[in-house]
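Observations on the three-dimensional arrangement
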Amino acid sequence: MNRKLKTFKRKLVLVLLFPFLCVLVILYRVLPLKTIRKFATYVGAKFYKKAKKSRTIALANLNRVYGDTLSEEEITSVAKAVFTEMIKSFFDYMAFSRIKDKQKYFSYIDVEGEEHLKAAYDRGKGVICLVPHLSSWELAAITPPMLGYETSAASKAMKQQLLENMMIKYRKRRGLKNITRVGSYEKLIDVLKNGECLILMIDQDTKVKSVFVDFFGKPAYTPIGASRLALETGAAIVPMVMTRKSNDNYKFIIYSELEVTNTGDAEKDIYDNTLRQTKKIEEIVSTYKEQWVWMHARWRTTPEDVERYKQRKAEKQNETK
């Protein structure tokens, strides 16, 4: 089956499933949260069994990082917990989709460390909110605006337009302004120059401008956007994360502002700052390893891949001369 046909079929399935998703959202708004989470645990277990490719990636990544310190049974247990957490967080987000009342919202979410965000925000130079893909990162993104901070988020356009429109609507409902990633760099600059918060996520291997930095002992291709923006605008970088508590509700943790090195050597500064950010994310993931997206191919791009790409690009340029 060629790639175009596969893409068409995938899009068709998503379109056909969208009405079902809308019904689920309506249903989850009225069902008891305890029932939703119990069902999510069941679906998460099924998801782990059925999603062979994602399961294989998750186990490989966990073995890459913890193969010397955790048993095979422990690694499998972490992987299963991750799949359940992803489903549970998604179901929670649907259940919370209409909540705009701050008192009700924060009855489910404790906040720790807001003083770090407030101190950075009050300087008026903008705040880069560094959020990893851990637990409900969608709830993490809407928590700063729910706390009263003007906030925008840079996001990659989804393959399913109807789903993207739904997610943007739910974000806007809680005060989060959405910026599509493609061609958005100047908009991101403007957000920070206006003294606002900007949600950024740099813990995945993507096609944006990146550098290799150490992540759990292996070179990981890591977006440099946060470093570039901080160097160009003077914005603060404040890591924050949504975590699930033992009672199944959440704690939103805001960490101390990260140092931004600015020596004037742009290449070195971008590397050093991106490494510092990645090490903080590594620390967070290590603490909450059962809640991070291990099924993402974080180490997919290798230095050899980038070198081959550069060589092919140079050859094509020579051919056109």
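Summarised in this report is the structure supplied together with it.

Criteria and thresholds
- Residues numbered from 1 in each chain as written.
- Predicted model: local features only at pLDDT ≥ 70, side-chain atom pairs only at ≥ 80, totals over all residues.
- Heavy atoms only, no water.
- Phe/Tyr/Trp six-rings, centres within 6.5 Å; stacked < 30°, edge-to-face > 60°.
- Lys NZ or Arg CZ within 6 Å of the ring centre and 35° of its normal.
- Helix = DSSP H or I, 4+ residues; strand = E, 2+ residues; numbered from the N terminus.
- Expected span 1.5 Å × (residues − 1).
- Buried < 20%, exposed > 50% of the residue type's maximum accessible area, 1.4 Å probe, protein only.
- Arc of directions from axis to C-beta.
- Patch = residues over 30% accessible without salt bridge, like charges linked within 9 Å, V, L, I, M, F, W, Y side chains within 5 Å.
- Areas by Shrake-Rupley, 256 points an atom, 1.4 Å probe, with all protein chains shown as cover.
- Salt bridge = Lys/Arg side-chain N within 4 Å of Asp/Glu carboxyl O.
- Lys, Arg positive; Asp, Glu negative; His and termini not counted.
- Charge placed at Lys NZ, Arg CZ, Asp CG, Glu CD.
- Contact = heavy atoms within 4.5 Å.
- Pairing = 2+ DSSP bridges.

Thoughts on the packing of aromatic side chains
Enumeration over the complete set of coordinates arrives at 18 aromatic pairs. Ring centres 4.7 Å apart and planes at 40° place the aromatic pair Phe212 and Tyr221 in the tilted group. Every member of this aromatic cluster is reached through a ring pair, and the members are Tyr66, Phe215, Phe216, Trp292, Trp294 and Trp299. Over the face of the ring belonging to Tyr48 we find Arg55, whose NZ or CZ atom lies 5.8 Å from the ring centre. Positioned above the aromatic ring of Tyr185, the side-chain terminus of Arg228 is 4.2 Å from the ring centre.

Some details on helix H2 (residues 33-50)
Along an α-helix, a turn takes 3.6 residues, which lines up residues three or four apart on a common side. With 18 residues, H2 should reach 26 Å at 1.5 Å per residue; the first-to-last C-alpha distance of 25 Å fits that figure. Of all the positions in H2, only Leu33, Ile36, Arg37, Ala40, Gly44 and Tyr48 are classed as buried. When H2 is viewed along its axis, its buried side chains cluster within an angular range of 105° and face the same direction. Facing away from the buried side of H2, by more than 90 degrees, are the exposed residues Lys38, Tyr42, Lys49 and Lys50.

Comments concerning a positive patch on the surface
Residues Lys46, Lys49, Lys50 and Lys80 make up a contiguous surface patch of positive charge. Looking at the positive patch element by element, the count peaks at three residues for H2. Looking at where Lys80 falls in the secondary structure, it is placed in helix H4 (residues 72-95).

Side note on the side chain of Arg55
Along the chain, Arg55 turns up in helix H3 (residues 52-66). This buried residue, Arg55, is left without a salt bridge; Glu72 holds the nearest opposite charge, at 11 Å. Non-local contacts of Arg55, meaning those with residues more than four positions away in its chain, are made with Tyr48, Lys49, Lys50 and Phe83.

A word on the environment of Ala154
Residue position: Ala154 is located in strand E3 (residues 151-155). Distance in space between the C-alpha atoms of Ala154 and Leu198 is 7.5 Å, their sequence separation being 44 residues. When near neighbours in sequence (up to four residues on either side) are disregarded, Ala154 contacts Ile179, Leu188, Leu198, Ile199 and Leu200.

Some thoughts on helix H11 (residues 266-287)
Under the 1.5 Å per step criterion, the end-to-end length of H11 is 32 Å for 22 residues, consistent within 8% with the ideal 32 Å. If you check which residues of H11 are buried, you get Asp269, Ile270, Asp272, Asn273, Thr274, Gln277, Thr278, Lys280, Ile281, Glu282, Ile284 and Val285. Its buried side turned inward, H11 meets strand E2 (127-130), strand E6 (210-215), strand E7 (218-223), helix H10 (225-233) and strand E8 (236-244).

Quick notes on the pairing of strand E9 (residues 250-254)
The buried fraction of E9 is high, at four of five residues. When strand E1 (residues 109-112) meets E9, the two strands line up parallel, connected through four bridges. Directly across from Glu112, in E9, lies its bridge partner Ile253. When E8 meets E9, the two strands line up antiparallel, connected through five bridges. Looking at the pairing, Val241 lines up with Ile253 of E9. The antiparallel hairpin formed by E8 and E9 contains five residues in its connecting segment, where Asp248 sits at a positive phi of about 80°.

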